[in-house]
Amino acid sequence: MDSIISMNNVNKYYGDFHVLKDINLTVKPKEKIVLLGPSGSGKSTLVRLINRLEEHQHGQIIVDGITLNENVKNIEKIRSEVGMVFQSFNLFPHLSILENLTLAPIKVRKENKASAEKRAMELLERVKIADQALKYPGQLSGGQQQRVAIARALCMQPKIMLFDEPTSALDPEMVKEVLDVMVDLAKEGMTMMCVTHEMGFAKEVADRVIFMDAGQIVEEDNPHQFFSGPKSERGQQFLSQIL
Amino acid sequence: MNFGERSGLWMKKNLFSSPKESIVSIILGSIIFAAISKLLNWMLLSATWTGSAEVCRANSGFCWPFLWEKMSLILFGLYPREYLWRPILTVIAFVVLMFMSFDKKRWGLNLLINWLVLGFWTLFFLRGGMFGLHYIESDSWGGLPLTLLLFTFGLLGAYPLGIFLALGRRSDLIIIKWICIGFIELIRGVPLISVLFMASVLFPLFLPEGVVFEKYWRAQIAFILFMGAYMAEVVRGGLQAISKGQTEAAKALGLSSPQTQIFIILPQALRIVIPPTVSTAIGLFKDTSLVLIIALFDLLGSTKSALKDSSWLGFSVEAYVFVGLIYYFFCSSLSRLSRKMERELSVVKR
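Everything in this summary refers to the structure shown in the same document.

About the cut-offs
- Residues numbered from 1 in each chain as written.
- Chains lettered and ligands numbered in written order.
- Predicted model: local features only at pLDDT ≥ 70, side-chain atom pairs only at ≥ 80, totals over all residues.
- Heavy atoms only, no water.
- Helix = DSSP H or I, 4+ residues; strand = E, 2+ residues; numbered from the N terminus.
- Expected span 1.5 Å × (residues − 1).
- Buried < 20%, exposed > 50% of the residue type's maximum accessible area, 1.4 Å probe, protein only.
- Contact = heavy atoms within 4.5 Å.
- Axes fitted to C-alpha atoms, helices over the stretch in contact; angles between N-to-C directions.
- Parallel < 35°, antiparallel > 145°, perpendicular 65-115°, else oblique.
- Left-handed = near helix turned anticlockwise from the far one by under 90°.
- Nonpolar A, V, L, I, M, F, W, Y, C, P; charged D, E, K, R; others polar.
- Pairing = 2+ DSSP bridges.
- Phe/Tyr/Trp six-rings, centres within 6.5 Å; stacked < 30°, edge-to-face > 60°.
- Lys NZ or Arg CZ within 6 Å of the ring centre and 35° of its normal.
- Core = buried A, V, L, I, M, F, W, Y, C linked by side-chain atoms within 4.5 Å.

### Observations concerning helix α2 (residues 19-45) of chain B
All names here are of chain B. Compared with the 39 Å implied by 1.5 Å per residue over 27 residues, the 36 Å span of α2 between its first and last C-alpha is a close match. Where α2 is concerned, the buried positions are S22, S25 and M43. Contact partners of the buried residues in α2: α4 (64-76).

### Structural notes on the packing of α4(B) against helix α15 (residues 316-344) of chain B
Residues and elements named next belong to chain B. For the pair α4 and α15, the least separation of the axes is 11 Å and the interaxial angle reads 50°. Our classification of the angle between α4 and α15 gives oblique. Between α4 and α15 the crossing geometry is right-handed. Contact with α4, carried on its side by F66, L67, M71, I74 and L75, involves E318, A319, F322, V323 and I326 of α15 and no other residues of that element. Partitioning the contact of α4 with α15 into residue classes produces nine nonpolar, no polar and one charged.

### Describing the sheet that holds strand β6 (residues 82-85) of chain A
Strands in a sheet are paired, the pairing made by backbone hydrogen bonds, and the direction either parallel or antiparallel. Residues and elements named next belong to chain A. The six strands are arranged β6-β7-β8-β3-β9-β10 in an open sheet whose pairing can be described as mixed. Here the strands that pair on one side only, and so sit at the sheet edges, are β6 and β10 (216-221). The sheet shows a mean angle of 20° between the axes of neighbouring strands, taken without regard to direction. In the sheet, strand β9 (residues 208-213) pairs with β10 via five bridges, with the strands oriented antiparallel. Paired with M212 across the strands is I217, a residue of β10. In the packing of helix α5 (residues 142-154) onto the sheet, contacts are made with β6 and β7 (160-164), and the angle to β6 comes to roughly 170°.

### Here we look at the packing of aromatic side chains
Under the criterion given, the structure shown has 14 aromatic pairs over all chains. Summarising the aromatic geometry, the rings of B:F99 and B:F329 are spaced 6.1 Å apart at their centres and angled 45° between planes, so their arrangement reads as tilted. Of this pair, B:F99 sits in helix α5 (residues 85-100) while B:F329 sits in helix α15, and the two are 230 residues apart along the sequence. The partly exposed category is assigned to B:F329, whose relative accessible area is 32%. Ring geometry for B:F226 and B:Y230: centres 5.1 Å apart, planes at 40°, overall tilted. With B:F226 and B:Y230 both in helix α10 (residues 215-241) and four residues apart, this pair spans about one turn of that helix. Across the ring face of A:F92, the terminal group of A:R152 is positioned such that the distance to the ring centre comes to 4.5 Å. The cationic tip of A:K203 hangs over the ring face of A:F227; the distance from NZ or CZ to the ring centre is 5.2 Å.

### What to know about the sheet that holds strand β1 (residues 5-14) of chain A
All names here are of chain A. Taken together, four strands build an open sheet; the order of strands is β2-β1-β4-β5 and the sheet is antiparallel. Both edges of this open sheet fall to β2 (17-27) and β5 (66-67), since each of them pairs with a single strand only. When strand β4 (residues 58-63) meets β5, the two strands line up antiparallel, connected through two bridges. Paired with I62 across the strands is T67, a residue of β5.

### A look at the nonpolar core
Ranked by internal contacts, the top residues of the largest apolar core, which has 70 residues, are B:F66, B:I74, B:W141, B:L144, B:L149, B:Y216 and B:L299. Apart from the residues lying within four places of it in its own chain, the contact partners of B:L144 are B:I74, B:L75, B:V91, B:L299, B:I326 and B:F330.

What follows is the structure, encoded as structure tokens:
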């Protein structure tokens with residue numbers, strides 16, 4: 001199998017509003033893709049289609065060999081293979097950090113508690129917050145919470161990681177600690193799709209940059225080329241506004 | 001620092017910190033003092049302790065002989081005198097389990113099961129007819145045990161029913177959603193009295209010939225359905241307070257919809273709505289008095305019948321003060337439990 005995600009002529013509407021128009025995209029295993037574009041361009045929606053937090057109306061999406069459709073079992077299968085990190089962390093406030101990590105492996109994968117906790121502790125070690133394992137999300141800083149959220153997604157041992165603006169809700173001084181974790185993850189060979197406004201991150205890790213505007217993929221390029229000179233006028237405009 | 005100094009400091013800080021506050025403290029303090037001393041005078045100093053109704057009437061104070069005379073009727077209704085130890089034991093068991101419920105170390109499924117067991121044990125124990133216990137039909141149960149029984153089963157039934165109705169009301173399955181909305185709005189649109197009346201009068205008409213459904217059970221089911229509808233709206237409030245991100249995060253991890261509700265949404269939602277849940281429960285406790293309409297004699301019902309005795313007419317104040325204190329004891333215990341649960345179970349730990 002040479003693509004782990006493939007989208008063919010995908011269209012998505014919110015009522016009458018055409019959010020995504022004829023999206024064609026394939027992602028190879030271990031590929032790192034960064035989605036850029038002005039707000040409202042459909043980047044987040046595109047990422048959320050992949051684990052079906054949003055439904056598409058036309059076209060075909062195949063993730064890890066499974067076609068996404070109404071079949072609930074398929075959807076749950078794909079969701080357990082695809083990790084996701086949200087802008088607002090979305091940790092479970094009533095569970096300890098450790099329980100946040102082990103809940104899904106125990107309930108979804110039916111893993112035993114001891115082995116799930118062992119892996120959870122290793123992951124917390126990796127994101128450098130093992131000492132907070134027994135605290136609750138409300139007791140951690142934003143940056144720490146987002147690192148927990150990454151570890152929580154990884155604890156399901158996903159094949160793909162989706163990031164939906166993971167640093168946008170953070171105080172500036174906490175952005176780096178989260179990006180460092182993401183860079184490490186990229187170096188280990190995880191397949192990643194990131195919606196982000198961190199251009200430094202995009203330059204450092206992306207294999208491919210996808211620039212979107214008004215629900216369409218306007219430009220696809222390697223980061224070096226995109227940042228040195230976008231082909232499209234809208235891409236040039238976007239870069240001139242943010243840099 | 002001794003006790004006197006400490007209380008002096010406390011008063012200075014909380015009651016007399018400024019001239020304005022001192023004036024308010026003195027005025028309110030004297031009103032409270034006057035009220036309490038009047039009350040004590042009425043209930044103790046000028047009270048009548050022994051004697052007949054005539055002695056009481058000649059005296060202006062609290063008539064204790066009336067209370068001694070009517071205590072068992074008020075507390076236990078028409079339950080046969082010679083078997084009174086059964087309802088007495090029942091009430092003691094309820095109070096003991098209630099105080100045990102205050103200990104947060106005991107909170108959990110076991111405590112819930114204990115309450116269920118107590119409920120069913122009470123049913124069996126009051127009825128008898130087995131193991132040498134004399135059979136006593138449910139129509140002569142009354143007073144406090146009936147109130148406690150209606151309340152316990154009412155809450156144990158209405159709470160889960162409310163959760164299911166609230167989840168159903170938010171369901172994507174349109175039929176389930178409509179049924180739940182219809183049920184909730186229908187029940188909330190009619191007074192409890194009419195639900196009780198229908199359960200008592202109309203419901204037996206639908207039963208097949210020969211099937212008898214005790215009045216107690218008809219009232220109990222009416223209570224569960226009625227309070228379930230109110231609980232549903234309380235729970236729904238909690239469900240709506242949980243951000244969509246929680247559901248999305250749970251789904252993104254592969255949790256199924258039922259798992260998401262059970263492990264993520266409900267534990268948070270139910271904790272948020274502890275205060276209104278307990279308010280509804282307290283309402284349920286007091287509403288049990290409405291079973292009088294279908295001739296079941298709960299605590300308030302048996303009190304009213306105690307007041308009808310022609311040789312003891314005119315002591316309703318004594319009777320209502322007495323049952324008022326009993327209601328207050330149980331309801332204030334409930335709200336104390338609520339505050340404790342709110343503190344101990346708050347969703348956001350800091």
